[in-house]
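Descriptive analysis of the structure
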There are 2 protein chains.
Amino acid sequence: MSFLDYFLGSRKKTASVAKDRLKLILAHERSADTPDFLPALQEELLTVISKYMPVEKDQISVHMERRGDFEVLELNILFPEQHSPG
Amino acid sequence: MSFLDYFLGSRKKTASVAKDRLKLILAHERSADTPDFLPALQEELLTVISKYMPVEKDQISVHMERRGDFEVLELNILFPEQHSPG
């Protein structure tokens, strides 16, 4: 099982619900003199994504952690069932 | 070993080189009627990221694939050694 399978997780869907999901992982390995821009980037990413899909604040889960030299940002977004593309 | 460790990979650094790296994975699980916006999103994400760090086109590796219901976009960006924050 690859890490991608792990990342994507169980793909079970209930028969009648076909919500869209977006999962995003951003890992920044930085040297000491580089500012941590992930929190600011997160806001801008959500702004960009919301141009394509209707993002609702309460449907976003955010997780940020440090892993060695990496700052890791994980976003999970669930989109509402109805949306008109474009 | 968690999937995050796998995703982040070996963190060996040569002693003298401290380049910054950014790894991004975006996975979109979509229903049939939703347009695939990852290719367009990719361009916008790079534009946003380049506001924080100097992105050079030849230092970006892009990988896109389909995994079941997921469209998966993976970006790896290496930043030049010198950069002035801000």
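Parameters at a glance
- Starting afresh in each chain, residues are numbered from 1 along the sequence in its written order.
- Written order decides the labels, with chains lettered from A and ligands numbered from 1.
- Only residues with pLDDT of at least 70 are given local features in this predicted model, and only at 80 or more are side-chain atom pairs given and counted; all residues enter the totals for whole chains, interfaces and linings.
- As a rule here, side-chain values come from all non-hydrogen atoms in the structure, and water together with hydrogens is ignored.
- UniProt positions are given in the numbering used here, feature names are shortened, and annotations may be inferred rather than shown by experiment.
- Counting from the N terminus, the helices are DSSP H or I runs at least four residues long and the strands are E runs at least two residues long.
- Take the residue count of a helix, subtract one, and multiply by 1.5 Å to get its expected span.
- Under the scheme applied here, a residue whose accessible area is under 20% of the maximum for its type counts as buried, over 50% as exposed, and between as partly exposed, the area being computed with a 1.4 Å probe on protein chains only.
- Directions pointing from the helix axis toward each C-beta atom define the arc.
- We call two residues contacting when some pair of their heavy atoms lies within 4.5 Å.
- The pairing test for Phe, Tyr and Trp rings, Trp by its six-membered ring, is centres within 6.5 Å, and the orientation test on the planes gives stacked under 30 degrees, edge-to-face over 60, and tilted for anything in between.
- Here the buried area means the combined drop in accessible surface, using a 1.4 Å probe, for two parts upon being joined, counting both sides.
- The rule for a salt bridge is simple: a side-chain nitrogen of Lys or Arg has to be within 4 Å of a carboxyl oxygen of Asp or Glu.
- Two N or O atoms form a polar contact when they lie within 3.5 Å of each other; inside protein one atom must be a possible hydrogen donor and the other a possible acceptor, and for residues adjacent in sequence the pair counts only when both atoms belong to side chains.
- For our purposes a nonpolar core is just a set of buried Ala, Val, Leu, Ile, Met, Phe, Trp, Tyr and Cys residues, chained together by side-chain atoms within 4.5 Å.
- Each copy is superposed on the other by least squares, with the fit set by C-alpha atoms of residues at a pLDDT of at least 70 in both.

Per an unreviewed UniProt entry, chain A is named Cell division topological specificity factor, and its organism is Igneacidithiobacillus copahuensis. The annotation that UniProt attaches to chain A under Function (unreviewed entry) is "Prevents the cell division inhibition by proteins MinC and MinD at internal division sites while permitting inhibition at polar sites. This ensures cell division at the proper site by restricting the formation of a division septum at the midpoint of the long axis of the cell." In UniProt, chain A has this text filed under Sequence similarities (unreviewed entry): "Belongs to the MinE family."

Right, let's talk about helix α2 (residues 38-49) of chain A for a bit. Between the first and last C-alpha of α2 of chain A there are 16 Å, a value that for twelve residues agrees with the 16 Å anticipated at 1.5 Å per step. Within the sequence span of α2 of chain A, burial applies to L38, L41, Q42, L45, L46, V48 and I49 of chain A. Along the axis of α2 of chain A, the buried residues cluster in a sector spanning 155 degrees; they form a single face. Buried residues along α2 of chain A sit against β1 (21-29), β2 (60-67) and β3 (70-78) of chain A together with β1 (21-29) and α2 (38-49) of chain B.

For the rest of this paragraph, the subject is the packing of aromatic side chains. What the rule picks out here adds up to two aromatic pairs over all chains. On the basis of an interplanar angle of 25 degrees and a centroid distance of 5.3 Å, the ring pair of Y52 of chain A and F37 of chain B is categorised as stacked. Of this pair, Y52 of chain A sits in the loop between α2 and β2 while F37 of chain B sits in the loop between β1 and α2, placing the two residues on different chains. Y52 of chain A gets classed as partly exposed once you look at its relative accessible area, which sits at 25%.

As a further point, take the interface of chain B and chain A. Counting from both sides, the interface comprises 45 residues of chain B and, opposite them, 45 residues of chain A. Between chain B and chain A, the buried area comes to about 4,400 Å², and carbon and sulfur atoms account for 64% of it. Where chain B touches chain A, the interface holds four salt bridges. Among the salt bridges present, the one from E44 of chain B reaches K51 of chain A, with a minimum N-O distance of 2.7 Å. Between chain B and chain A we count eleven residue pairs in polar contact (both at pLDDT 80 or more) in total. For the side of chain B that touches chain A, the secondary structure elements donating two or more residues are α1 (3-8), β1, α2, β2 (60-67) and β3 (70-78) of chain B.

What follows concerns the nonpolar core. Ranked by size, the top nonpolar core spans 32 residues in total, and within it L22, L26 and L41 of chain A together with L22, L26 and L41 of chain B carry the most contacts. Listing elements by their share of this core, those giving two or more residues are β1, α2 and β3 of chain A together with β1, α2 and β3 of chain B. Membership of the second largest hydrophobic core comes to 16 residues, among which are F3 and L8 of chain A together with F70 and V72 of chain B.

Laying chain B over chain A is done by rotating through 180 degrees and shifting 0.0 Å along the axis; what remains is an RMSD of 0.0 Å. Accordingly, the operation relating the two chain copies is best matched by a two-fold axis. Most of the interface of chain B is mirrored in chain A, where 100% of its interface residues again form contacts.

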